[in-house]
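Chain and residue survey
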Amino acid sequence: MSEPEEAVLYERRGAAALITIDRQHRRNAVDGPTAAALHEAYLRFEADEEARVLVVTGAGGVAFCAGADLKATGTMVERLMSDEGPMGFTRLTPSKPTIAAISGFALAGGLEIALWCDLRIATEGSRLGYPERRWGVPLIDGGTQRLPRIVGMGRALDLILTGRIIDAQEALAMGLVTEIVPEGAHLERALALAEGLAAFPQETMLADRRAAIEGFGMPLEQALELEAQAGPEVFAVGAVGAARFAAGEGRGGAGAGA
């Protein structure tokens, strides 16, 4: 299969921006030009005020992303110490929610991209891990830092040290995957989830997200101060929502969840 004209596709799907890695002949592995295109797509999402959620996926269904293209490592050398990260945007923190729609392999740098996302939807047959351990390739796209934050240090060290590949069920059990869906339903579910997130009052959701991300790792007292800082900024939005509840909307948990 020849190289597609565009290895990274960017499109709007309702309230979501969708980034698709399309190098199916290499299981959507990323080379230097593809990483640069991923960075450009990320900047496009950040600049689009109407794009409230980013969904990242891989074309073809066989792989989300198999990591860096080890047959094109020379194209990645100049990106190793880049501010945005070798795989495109993995050293940046998005200002809005992000979802990985995974089908098939999410390996090495591909798993690091998935971990960069806030939520991960995976099909039943998906497989995740750091198999580059065999080749002595280091994790430099956030894998050593984000995985322990998501699944805990013990489980993270298991995957980091052994390089074993796990299935979607084990990933769900350890909290690595948010939700498992039938084969072929990953993108539909991710986009539906994006619409649900976009329907919430944005000011408070983004403030809570920012407090959770920035406060992680801080001493509790300092983190609570960070959380409290957002209160006055979004109080008016919260007051409107509280009035809706007082008027009878949402009783019994109706409408909860995205």
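Before reading on, note that the structure itself is shown above.
Being a predicted model, the structure only gives us computed values, none of them experimental. (Residues numbered from 1 in each chain as written. Predicted model: local features only at pLDDT ≥ 70, side-chain atom pairs only at ≥ 80, totals over all residues. Heavy atoms only, no water.)

1. Quick word on helix α1 (residues 32-47)
- Helix length check: α1, at 16 residues, gives a terminal C-alpha distance of 23 Å against a target of 22 Å (1.5 Å per residue), a fit within 8%.
- Residues Gly32, Thr34, Ala35, Leu38, His39, Ala41, Tyr42 and Phe45 constitute the buried set of α1.
- Considering only its buried residues, α1 is in contact with β1 (8-13), β2 (16-21), β3 (53-58) and α2 (109-116). (Helix = DSSP H or I, 4+ residues; strand = E, 2+ residues; numbered from the N terminus. Expected span 1.5 Å × (residues − 1). Buried < 20%, exposed > 50% of the residue type's maximum accessible area, 1.4 Å probe, protein only. Contact = heavy atoms within 4.5 Å.)

2. Here's the deal with a nonpolar patch on the surface
- A surface patch of nonpolar side chains, about 390 Å² in accessible area, is lined by Val77, Leu80, Met81 and Ile140.
- Examined against the element boundaries, Met81 turns out to sit in the loop between β4 (63-65) and β5 (98-102). (Patch = residues over 30% accessible without salt bridge, like charges linked within 9 Å, V, L, I, M, F, W, Y side chains within 5 Å. Areas by Shrake-Rupley, 256 points an atom, 1.4 Å probe, with all protein chains shown as cover. Salt bridge = Lys/Arg side-chain N within 4 Å of Asp/Glu carboxyl O.)

3. Focus: the nonpolar core
- One finds Leu38, Phe64, Ile102, Ile113, Leu128, Leu147 and Leu176 to be the most contacted residues of the largest nonpolar core, which totals 42 residues.
- One finds Val53, Leu191, Ala194 and Leu197 within the second-largest nonpolar core, a separate group that totals 15 residues. (Core = buried A, V, L, I, M, F, W, Y, C linked by side-chain atoms within 4.5 Å.)

4. Digging into the pattern of salt bridges
- Within this structure, the stated rule accounts for 10 salt bridges.
- Ionic pairing is found between Arg13 and Glu11, a salt bridge with its closest N-O pair at 3.0 Å.
- Using a relative accessible area of 35% as the deciding quantity, one classes Arg13 as partly exposed.
- What makes Glu11 partly exposed here is its relative accessible area of 31%.
- Sharing partners across several salt bridges, the network here consists of Arg23, Arg26, Asp31 and Asp69.

5. Comments concerning the sheet that holds strand β6 (residues 105-107)
- Judged by pairing direction, the sheet is mixed, and its 4 strands sit side by side in the order β4-β6-β8-β9 without closing on themselves. Two strands lie at the open edges of the sheet, namely β4 and β9 (165-167), each paired on one side alone. Neighbour-to-neighbour, the strand axes of the sheet open up by a mean angle of 20°, direction not taken into account.
- Both β4 and β6 contribute to a ladder of 2 bridges, which runs parallel. In the strand pairing of β6, Cys65 is matched with Ala106. (Pairing = 2+ DSSP bridges. Axes fitted to C-alpha atoms, helices over the stretch in contact; angles between N-to-C directions.)

6. What to know about the sheet that holds β2
- Overall, mixed pairing links the 6 strands, which are arranged β1-β2-β3-β5-β7-β10 in an open sheet. Only two strands of the sheet have a single partner each, and these edge strands are β1 and β10 (179-181). Pairs of neighbouring strands in the sheet enclose a mean axial angle of 20°, with direction left out of account.
- Bridge analysis of β3 against β5 gives 4 bridges, and the strand direction is parallel.

7. Points about the pairing of strand β7 (residues 119-123)
- Along β7, 4 of the 5 residues are buried, which leaves the element largely enclosed by surrounding structure.
- Here β5 pairs with β7 via 4 bridges, running parallel. Within β7, the position partnered with Ile99 by the bridge is Leu119.
- The pairing of β7 with β10 spans 3 bridges and is parallel. Looking across to β10, one finds that Ile121 is bridged to Glu179.

Just geometry here; none of it tells us what the structure is for.
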